[in-house]
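Architecture at a glance
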Amino acid sequence: SQKIEQNSEALNIQEGKTATLTCNYTNYSPAYLQWYRQDPGRGPVFLLLIRENEKEKRKERLKVTFDTTLKQSLFHITASQPADSATYLCGYNAGNMLTFGGGTRLMVKP
Amino acid sequence: DTAVSQTPKYLVTQMGNDKSIKCEQNLGHDTMYWYKQDSKKFLKIMFSYNNKELIINETVPNRFSPKSPDKAHLNLHINSLELGDSAVYFCASSQDRLGSGNTIYFGEGSWLTVV
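All values reported here derive from a predicted model rather than from experimental measurement. Every chain is numbered on its own, with residues counted from 1 as its sequence reads. Naming scheme: in the order in which they are written, chains are lettered from A and ligands are numbered from 1. At least 70 in pLDDT is required for a residue's local features to be given in this predicted model, at least 80 for side-chain atom pairs to be given and counted, and no such filter applies to totals for whole chains, interfaces and linings, which use all residues. The basis for every side-chain value is the complete set of non-hydrogen atoms in the structure, without hydrogens or water.

**What to know about the overall build of chain A**
- Secondary structure elements are defined from DSSP: runs of H or I of at least 4 residues count as helices, runs of E of at least 2 residues count as strands, and each element is numbered from the N terminus. Broken down by element type, chain A carries zero helices and eleven strands.
- Reading the secondary structure of chain A in the N-to-C direction produces β-β-β-β-β-β-β-β-β-β-β.
- Just to be clear, the radius of gyration here is over C-alpha atoms, and the globule rule we use is 2.2 Å times residues to the power 0.38. In terms of overall dimensions, chain A is globule-like: its C-alpha atoms have a radius of gyration of 13 Å, near the 13 Å expected for 110 residues.
- Summarising its shape, the C-alpha atoms of chain A cover approximately 40 × 30 × 20 Å along the three principal directions.
- Type-normalised accessible area, obtained with a 1.4 Å probe on protein chains alone, sets the label of each residue: buried when under 20%, exposed when over 50%, and partly exposed for intermediate values. Relative to its 110 residues, chain A shows a buried fraction of 45%.
- Long-range contacts, defined here as pairs at least 24 residues apart, represent 55% of the contacts in chain A between residues at least 6 apart.
- Exposure was quantified through the Shrake-Rupley algorithm and a 1.4 Å probe, taking into account, for residues, occlusion by the shown protein chains and nothing else. A total accessible area of about 5500 Å² is found for chain A, and carbon and sulfur atoms account for 47% of it.
- Positive charge is attributed to Lys and Arg, negative charge to Asp and Glu, and no charge count is given to His or to the chain ends. One atom stands in for each charge, and that atom is NZ of Lys, CZ of Arg, CG of Asp or CD of Glu. For chain A, the centre of its 14 positive side-chain charges and the centre of its 10 negative side-chain charges are spaced 1 Å apart. Contacts are residue-level and defined by heavy atoms, with any inter-residue pair within 4.5 Å sufficient.

See below:
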């Protein structure tokens, strides 16, 4: 069955450092991956979309990579700030569905 | 100004009751969704409608019945509530079907607690 996995353990980093979150998928070749941010008590908010023919996508301090050989996407936040603390969800499309991983909680300490 | 709004935000009810959650989007999108997020934070698709037509129904018990009176509204009715139905239910919408790379706009969630 199709699977998408994110590191379920929280990632704790110091302010100013680069946070790197991992998303791995198996048994499927998605046309694109999407990353969302979810704050406690709120709905997920779209951040970035990367297509299978794109190796890298950037938006301000955010960068996403897509390695179809490794079946992996990496999500980077450079110069991290405490305000970046949230849960980050990776999702891939399977037809008309977006299937999400379990999310990784990021804590940025001042 | 809220793009995807759902009501109620909090709902506490007894086992066996029937309840509904309403959702409306003002983005002019054609496709709407219901997602369920359980206590382990997994976000799972339940249903999707495109222009009032059901296009996704992901092995959800028959006690759950979505209804889309028009493409701006997608309601979720749950019969005979069970303890395991306790979760956060998110309504969402996208411009069109997801195959072409549309992104999803989520509502703020409805916290359902069954006691």
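From this point on, the discussion continues.
**Overview of the interface of chain A and chain B**
- Counting residues at the interface gives 19 residues for chain A and 24 residues for chain B.
- What gets called buried area is simply the loss in accessible area from a 1.4 Å probe that two parts show on being joined, summed for both. Carbon and sulfur atoms supply 55% of the area buried between chain A and chain B, which totals about 1700 Å² over both sides.
- Counting the surface chain A buries against chain B, the share from its top three residues, A:Asn96, A:Met97 and A:Phe100, is 32%.
- Salt bridge, as used here, is a side-chain nitrogen of Lys or Arg placed within 4 Å of a carboxyl oxygen of Asp or Glu. Counting across the interface, chain A meets chain B through one salt bridge.
- We note a salt bridge from B:Glu108 to A:Arg42, for which the minimum N-O separation is 2.3 Å.
- Counting of polar contacts relies on pairs of N or O atoms within 3.5 Å, with two restrictions inside protein: one atom must be capable of donating a hydrogen and the other of accepting it, and residues adjacent in sequence are counted only when both atoms are side-chain atoms. Across the contact surface, chain A and chain B share six residue pairs in polar contact (both at pLDDT 80 or more).
- Every element with two or more residues in the side of chain A that touches chain B is listed here: strand S4 (32-38), strand S5 (45-51) and strand S10 (97-100) of chain A.
- Taken together, the residues of the side of chain A that touches chain B sort by class into nine nonpolar, eight polar and two charged. Charged means Asp, Glu, Lys or Arg here, nonpolar means Ala, Val, Leu, Ile, Met, Phe, Trp, Tyr, Cys or Pro, and polar covers whatever is left, Gly included.

**Re the state of the cysteines**
All names here are of chain A.
- Disulfides are defined in this document as cysteine sulfur pairs within 2.5 Å. Tallying each qualifying case throughout the model produces two disulfides over all chains.
- For Cys23, the disulfide goes to Cys90, at an S-S distance of 2.0 Å. Residues Cys23 and Cys90 share a disulfide whose torsion about the S-S bond is about -65 degrees; that sign makes it left-handed. In this pair, Cys23 sits in strand S3 (residues 19-26) while Cys90 sits in strand S9 (residues 86-94), placing the two residues 67 residues apart along the sequence. In this structure, Cys23 and Cys90 share a single accessibility class: buried.

**Overview of the confidence of the model for chain B**
- The predictor's confidence in any single residue is recorded as pLDDT, a number from 0 to 100. When pLDDT is averaged along chain B, the result is 93; 99% of the residues meet or exceed 70.
- For chain B, the element scoring lowest by mean pLDDT is strand S6 (residues 53-57) of chain B, at 90; strand S3 (residues 19-25) of chain B scores highest, at 98.

**Things to note about the pairing of S9(A)**
Residues and elements named next belong to chain A.
- Counting buried positions over the nine residues of S9 gives eight, a clear majority of the element.
- As paired elements, S9 and strand S11 (residues 104-109) share three bridges and run antiparallel to each other. Bridging across to S11, Thr87 finds its partner in Arg105.
- Strands were regarded as paired on the criterion that DSSP finds at least two bridges between them. Hairpin geometry of S9 and S10 is characterised by an intervening segment of two residues between the two adjacent antiparallel strands and by a positive phi of about 65 degrees at Gly95.

**As for unusual backbone geometry**
All names here are of chain B.
- Of note, the amide linkage connecting Thr7 to Pro8 takes the cis form, showing an omega dihedral of 0 degrees.
- Even without being glycine, Asn51 reaches a positive phi, approximately 50 degrees.
- Position of Asn51 among the secondary structure elements: in the loop between strand S5 (43-50) and S6.

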